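Each chain, written out:
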Amino acid sequence: MVAEIGHYALMLALVLAIVQGTLPLIGAQNGIESWVAVARPAALGQLFFIAVSFAALTYAFVVSDFTLTAVVANSHSAKPMLYKISGVWGNHEGSLLLWILILAMFGGAVAAFGRNLPPYLRARVLSVQGLIGVGFLLFILLTSTPFERLPNPPLDGNGLNPLLQDPGLAIHPPFLYLGYVGFSMAFSFAIAALIEGRVDPAWARWVRPWTLLAWCFLTIGIALGSWWAYYELGWGGWWFWDPVENASFMPWLLGTALLHSAIVVEKRDTLKAWTILLAILTFSLSLLGTFIVRSGVLTSVHAFATDPERGVFILLFLAIVVGGSLLLFAMRGPALRSGGLFSPISREGALVLNNMLLTTACATVLLGTLYPLFLDALTGEKVSVGPPYFNATFVPLMVPLFVALAAGPMMAWKRGDLGAAMARLKFAFALSVVVALGTWYLRTGGPVLAIFGMALGVWLVAGALLEWFARLKLFTISPADSWRRLRGLPRAAHGMTLAHIGVGIVIMGVTGVESWTEEQAKVMRPGETISIGQYDLTLKGAKTVQGPNYSALRGTFDVSSEGEYITTMEPETRSFTTSTMTTTEAAIRPTLTSDLYAVIGDADGKGGYATRFYVKPLVHWIWAGCLIMVIGGFVSLSDRRHRVGAPAAKRKSAPLKEAKA
Amino acid sequence: MTRKRRRLYLVLFGMALLGVATALMLNAFSDNLVFFHTPSDVTAKSFEQDRRFRLGGLVEEESVKKAEDGMTTHFRITDHDNAIKVVFKGSLPDLFREGQGVVAEGKLDASGVFLASEVLAKHDENYMPPEVADALKKSGQWKGDE
């Protein structure tokens with residue numbers, strides 16, 4: 001019964017989405033106020049019904065209702081509650097429902113909090129959101145409904161893939177989707193602006209917080225995924241350039257570009273058409289990412305053949321959204337008049353460079369990701385494009401970006417002074433050289449590029465700090481005055497500094513783990529000792545232990561360094577009772593500068609166990625850097641100027657001015 | 001600087017950047033494109049010895065042997081018509097089993113043994129690498145669910 005309510009609510013949501021997608025748009029075009037007014041209640045109603053539907057599916061998973069196909073395929077009565085709930089979105093159908101729920105939440109947020117938007121702009125934005133909703137709701141209802149009943153329900157389900165039974169991965173998809181879907185806001189605003197034919201700084205002020213919010217969530221989502229891969233897959237990799245990873249990384253790259261170009265629109269009233277185009281492309285890649293991951297197209301074109309209905313729908317939907325919006329852009333884009341002029345050496349110039357490098361890098365990733373698909377479709381030849389391709393194309397494009405990044409924020413708008421910026425960066429440069437020499441001295445064995453990587457990371461961190469110090473006039477005025485400046489500085493400035501420091505830390509982490517990882521693999525018997533890095537590990541023994549829905553082989557290692565006992569590590573190999581799968585639970589001992597990573601494998605039948613150990617220098621800096629970037633993003637979001645209700649604050653202060661006058 | 005001038009510079013710079021990117025991509029493609037072959041392909045064609053490729057098929061029943069050091073594995077990948085000997089040193093993915101689909105990446109040595117540097121981990125027991133499924137269909141050995 002509950003499932004039928006969920007299904008029915010979804011149909012009602014579709015009806016509301018159709019209303020939301022058409023009436024306000026037509027009303028805004030023809031000045032029919034009553035039709036424009038429909039947008040808000042329709043968006044809130046759609047949110048309500050989709051929430052009901054999502055709650056119904058969650059209920060079915062929680063009570064293990066095995067009359068539903070989706071529950072049987074992805075759940076099991078013996079599963080812990082957290083994974084029963086995460087099982088809701090751990091599959092194609094449920095994840096689409098989560099997607100549309102988040103879409104409706106964003107639409108609902110505009111309806112509820114967007115009081116300060118001009119009514120016509122708001123109506124058009126909500127209409128575009130409604131149209132996206134129509135597409136997705138149709139897709140769910142026609143091809144992938146999660147509420148399908150089974151004629152002969154089994155007694156128990158098949159269980160969720162054990163690898164996915166992990167707290168990090170349970171919350172990974174929602175964050176990823178908050179990011180993907182968040183970019184729909186930038187998209188809707190872009191389409192609405194194209195229809196209105198007007199893009200102005202006020203528009204950019206509304207778009208920026210939404211884009212920043214989406215970007216923060218996407219960063220969290222990607223970092224969580226990478227962290228999960230690191231500790232769960234059992235060999236300490238943190239990024240594989242896997243198509244599924246690339247699918248989330250491409251919108252991130254373009255979203256980062258969009259974040260920066262929107263600043264130019266807001267501050268300088270120029271780069272408008274480009275910003276609109278970026279908004280369209282970012283969301284298009286988000287859509288591509290959503291579909292590609294769940295439909296399995298990327299591993300093979302033949303995945304389409306197994307379910308032609310879905311495949312055709314996806315292609316059609318992508319063609320309409322991407323093609324339609326680009327067509328609209330081609331028709332209306334040229335009419336967007338650009339404002340301020342600027343010289344190539346200026347803040348605008350630096351942001352243009354940022355945009356060009358990020359988009360080009362994104363294009364190389366896109367080509368590498370889709371090339372196997374094209375080649376298979378055209379010639380039937382099967383190839384794979386692996387990490388070496390991405391390292392050879394992506395990295396060289398990122399290096400100039402990072403070199404320029406430290407100087408960019410020091411440029412003035414309109415016309416900057418490169419010489420002065422360089423002079424201010426002297427100290428950062430000197431520090432980078434010192435670090436390079438230090439790295440060279442400490443790690444003679446490592447690759448030469450590692451020296452450069454560490455120097456680049458330090459260059460970024462020092463550059464960001466110097467720029468921040470300069471704003472505070474630290475050391476040139478009294479500390480008390482600097483403190484006052486610190487309080488007076490807009491929060492967005494602190495946010496930028498933090499985010500750029502985060503990038504530098506990520507670079508150092510990547511350099512460390514890619515250059516100096518040490519590895520040992522050996523069949524060990526109890527009592528044997530192995531040395532890696534500064535550590536000695538002794539296998540004390542191994543025994544079988546029982547978990548809630550698995551049994552595990554647990555090895556116990558005593559870790560010591562220079563004869564002194566440090567800790568005990570207990571890696572496991574888990575065999576799940578409901579499937580034939582095993583998973584590796586690595587034991588990780590993190591320190592500030594490196595991780596010790598231990599894995600135990602199967603017994604060899606002669607009293608030995610296959611074991612593997614890694615020392616991964618600086619690996620945690622990668623996620624720490626991402627976290628700092630995200631914190632920077634949220635600090636920026638807390639800036640009063642960025643708040644969704646920002647224009648309201650202005651309105652409040654306006655009467656004051658009048659009173660003064 | 002005039003509007004036209006600025007646009008010209010931007011376009012020129014953009015083109016130069018795209019040129020660099022294209023050069024990087026072509027270069028990377030020529031070095032790093034890894035083709036997929038079945039055991040029958042390998043037996044039929046002659047190969048550049050130093051070119052890496054992916055070999056896919058099923059792990060032949062009763063072919064898996066661990067060497068004395070415990071880390072090196074010898075096995076054969078088969079498509080039921082032909083089989084290729086594979087040597088791999090390292091830890092095998094959790095789902096590596098006799099009779100299961102497998103994809104290995106590496107090179108052939110002079111005697112025709114495939115030296116794998118990587119055996120691909122797939123995260124699902126029901127999952128058959130699509131290339132392997134295709135190859136099996138081609139050789140008429142597909143016993144899948146269709």
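What you see is a predicted model; the values in this text were computed from it and never measured.

### Comments concerning the environment of Leu336(A)
Residues and elements named next belong to chain A.
Next, step 1: Tracing the backbone through its elements, the reader meets Leu336 in the loop between α14 (308-332) and α15 (347-379).
Next, step 2: Note on Leu336: 20 C-beta atoms within 10 Å, which makes it buried.
Next, step 3: Linking Leu336 and Leu142, residues 194 residues apart in sequence, is a C-alpha distance of 39 Å.
Next, step 4: Here Leu336 is in contact with Val199, Lys272 and Ala273, once residues within four sequence places are set aside.

### Looking at the confidence of the model for chain B
Residues and elements named next belong to chain B.
Next, step 1: Of all residues in chain B, 78% attain a pLDDT of 70 or more, and the chain-wide mean is 78.
Next, step 2: Per-element mean pLDDT across chain B ranges from 65 in helix α3 (residues 130-138) up to 91 in strand β5 (residues 83-89).
Next, step 3: Across the assembled chains, the prediction reports ipTM 0.78 with pTM 0.90.

### Brief notes about the sheet that holds strand β11 (residues 609-617) of chain A
Residue and element names in this part refer to chain A.
Next, step 1: The sheet built from four strands is open, its strands ordered β2-β11-β10-β9 with antiparallel pairing. Because the sheet does not close on itself, it has two edges, and the strands there are β2 (518-524) and β9 (587-590). Each strand axis lies, on average, 15° off the axis of its neighbour in the sheet, ignoring direction.
Next, step 2: With four bridges connecting them, β9 and strand β10 (residues 594-603) associate as antiparallel partners. Pairing of Ala587 across the sheet is with Ala598, part of β10.

### Digging into the domain arrangement of chain A
Residues and elements named next belong to chain A.
Next, step 1: Looking at chain A, the domain boundaries give domain 1 (1-160), domain 2 (172-181 + 198-313 + 342-408), domain 3 (409-516) and domain 4 (518-620).
Next, step 2: Residue-level contacts link four residues of domain 2 with eight residues of domain 4.
Next, step 3: The residue makeup of the side of domain 2 that touches domain 4, split by class, is two nonpolar, two polar and no charged.

### Details of helix α1 (residues 2-30) of chain A
Next, step 1: With 29 residues, α1(A) extends 42 Å from end C-alpha to end C-alpha; this agrees with the ideal 42 Å at 1.5 Å per step.
Next, step 2: One or two residues past the end of α1(A) sits Gly31(A), with phi positive at roughly 65°.

### Here we look at the interface of chain B and chain A
Next, step 1: Taken together, the contacts link 33 residues of chain B with 39 residues of chain A.
Next, step 2: At the level of secondary structure, the elements contributing two or more residues to the side of chain B that touches chain A comprise α1 (3-32), β1 (33-37) and α3 of chain B.
Next, step 3: Looking at the side of chain B that touches chain A element by element, the count peaks at 15 residues for α1(B).
Next, step 4: For the side of chain B that touches chain A, the class distribution of residues is 16 nonpolar, seven polar and 10 charged.
Next, step 5: The pairing of strand β1 (residues 383-385) of chain A with β1(B) spans three bridges and is classified as antiparallel. Its bridge partner being in β1(B), Ser384(A) is matched across the sheet by Val34(B).

### Structural notes on the nonpolar core
All names here are of chain A.
Next, step 1: With 179 residues, the main nonpolar core has Ile100, Ala186, Phe189, Ala190 and Leu254 as its most contacted residues.
Next, step 2: At 18 residues, helix α10 (residues 201-232) tops the list of elements feeding residues into this core.
Next, step 3: Beyond its immediate stretch of four places on either side in the chain, Phe189 contacts Val125, Trp203, Trp206 and Val207.
Next, step 4: Leu596, Ala598, Tyr609 and Phe613 belong to the second-largest nonpolar core, a separate cluster that totals 19 residues.

Rules used in this analysis
- Within any chain, residue numbers begin from 1 and follow the written order of that chain's sequence.
- Ligands are numbered from 1 and chains lettered from A, in the order in which they are written.
- Since the coordinates come from a predicted model, pLDDT governs what is reported: local features require at least 70, and pairs of side-chain atoms require 80 or more to be given and counted, while whole-chain, interface and lining totals use all residues.
- The helix count covers DSSP runs of H or I at least four residues long, the strand count covers runs of E at least two residues long, and both are numbered beginning at the N terminus.
- Burial is judged by counting other C-beta atoms within 10 Å of a residue's own C-beta: 20 or more means buried, 12 or fewer means exposed, and anything between counts as partly exposed, with every C-beta placed from the backbone.
- A residue pair is marked as a contact if its C-beta atoms, positioned from the backbone, fall within 7 Å.
- Predictor confidence is given residue by residue as pLDDT, running from a minimum of 0 to a maximum of 100.
- Strands pair, by our definition, only if DSSP identifies at least two bridges between them.
- Axis lines are fitted through C-alpha atoms, for helices just across the contact stretch, and the angle between N-to-C directions can take any value from 0 to 180 degrees.
- Residue ranges assigned to the domains are those given by an automatic or database domain assignment.
- For this scheme, ten residues count as nonpolar: Ala, Val, Leu, Ile, Met, Phe, Trp, Tyr, Cys and Pro. Four count as charged, namely Asp, Glu, Lys and Arg, and the remainder, Gly too, count as polar.
- What a helix should span is 1.5 Å times the count of its residues minus one.
- The term nonpolar core refers to a set of buried Ala, Val, Leu, Ile, Met, Phe, Trp, Tyr and Cys residues connected through C-beta atoms within 7 Å.

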